[in-house]
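Residue-level structural notes
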Amino acid sequence: MAIEIERKFLVTSDRWREQADAGQHLAQGYLIGAREASVRVRIEGERANLNIKSATLGIHRQEYEYPIPLADAREMLDTLCEKPVIEKTRYHVEHAGHTWEVDVFEGENAGLVVAEIELASESETFEQPDWLGEEVSADPRYYNVSLVKHPYKAWW
């Protein structure tokens, strides 16, 4: 079984940009809103994947990911996925032996910036960069599948 152990934090400043890579634009949509799992289509540059994640809250979830043809992914995003499609730019930032993924959201979720770290175990320790804010791993509002139905711009 594939397991994802990931912690998610808000970002408090742009200092992370000093160490970030060039970033990659992502477009992703959700095919079904099943109670047990989310099914996501993602285009990342010239690659596309189908991703299935268990719908459990917290830092420990089942995750499966499979490559699919880019043309199929584009068609699914246009015709089958719930709207709005999530658009963001993902940056990678190396810090104290870990790689952080910083997502800068666009469109209906513009203004939201979230940093995620994948860990080998739930008890793994890591150094938090000074640009990291509140942990939101257990807050369902910050899950991408939730941002489709309740975009960040609508929170205010």
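Residues numbered from 1 in each chain as written. Predicted model: local features only at pLDDT ≥ 70, side-chain atom pairs only at ≥ 80, totals over all residues. Heavy atoms only, no water.

Before going further, it helps to spend a moment on the packing of aromatic side chains. For the coordinates displayed, the defined rule picks out eight aromatic pairs. Ring geometry for F9 and W100: centres 5.8 Å apart, planes at 65°, overall edge-to-face. Of the two residues, F9 is situated in strand 1 (residues 3-11) and W100 in strand 7 (residues 98-105); the sequence distance between them amounts to 91 residues. Using a relative accessible area of 2% as the deciding quantity, one classes F9 as buried. (Phe/Tyr/Trp six-rings, centres within 6.5 Å; stacked < 30°, edge-to-face > 60°. Helix = DSSP H or I, 4+ residues; strand = E, 2+ residues; numbered from the N terminus. Buried < 20%, exposed > 50% of the residue type's maximum accessible area, 1.4 Å probe, protein only.)

Here the focus is the nonpolar core. Judged by nonpolar contacts, the single largest core of 16 residues is most densely connected at W16, W100, V102, A115 and W131. Elements represented by at least two residues in this core include exactly strand 1, strand 6 (86-95), strand 7 and strand 8 (113-118). Membership of the second largest hydrophobic core comes to 11 residues, among which are L10, I86, V114 and V136. (Core = buried A, V, L, I, M, F, W, Y, C linked by side-chain atoms within 4.5 Å.)

If you trace the backbone, E106 turns up in the loop between strand 7 and strand 8. Distance in space between the C-alpha atoms of E106 and A27 is 9.9 Å, their sequence separation being 79 residues. Discounting chain neighbours no more than four positions away, the residues touching E106 are H25, E87, K88 and T89. (Contact = heavy atoms within 4.5 Å.)

Our focus in this paragraph is the pattern of salt bridges. Under the criterion given, the structure shown has 14 salt bridges. Between R61 and E4 there is a salt bridge, with its nearest N and O atoms 3.5 Å apart. A residue pair is termed long-range when its members are at least 10 positions apart, and R61 in strand 5 (residues 60-67) and E4 in strand 1 qualify at 57 residues. A relative accessible area of 3% means that E4 is categorised as buried. One salt bridge connects K8 with E116, and the closest N-O pair in it is separated by 2.8 Å. Pair noted here: K8 is in strand 1 and E116 is in strand 8, with a separation of 108 residues, a long-range link. Like K8, the residue E116 is buried in the burial classification. Through salt bridges with shared partners, one network takes in K8, K88, R90, E101, D103 and E116. (Salt bridge = Lys/Arg side-chain N within 4 Å of Asp/Glu carboxyl O.)

Inspection of every chain in the model, using the stated rule, returns two cavities of 30 Å³ or more. The volume enclosed by the largest cavity comes to roughly 70 Å³. E4, E6, R7, K8, G58, I59, H60, R61, S137 and Y143 are the residues that line the largest cavity. Every element with two or more residues in the lining of the largest cavity is listed here: strand 1 and strand 5. The element contributing the most residues to the lining of the largest cavity is strand 1, with four residues. Across the lining of the largest cavity, the residue classes tally to two nonpolar, three polar and five charged. The volume enclosed by the second largest cavity comes to roughly 30 Å³. In terms of lining residues, the second largest cavity is bounded by K8, D103, F105, L112, V114, E116, Y142, N144 and L147. At the level of elements, strand 7, strand 8 and helix 2 (144-149) are the ones that each hand at least two residues to the lining of the second largest cavity. Residues that form the lining of the second largest cavity fall into these classes: five nonpolar, one polar and three charged. (1 Å grid on protein atoms, 1.4 Å probe; cavity = no way out; pocket = protein on both sides within 12 Å on 5 of 7 lines; lining within 4 Å. Points joined across faces, edges and corners; volume = space filled by probe spheres on them. Nonpolar A, V, L, I, M, F, W, Y, C, P; charged D, E, K, R; others polar.)

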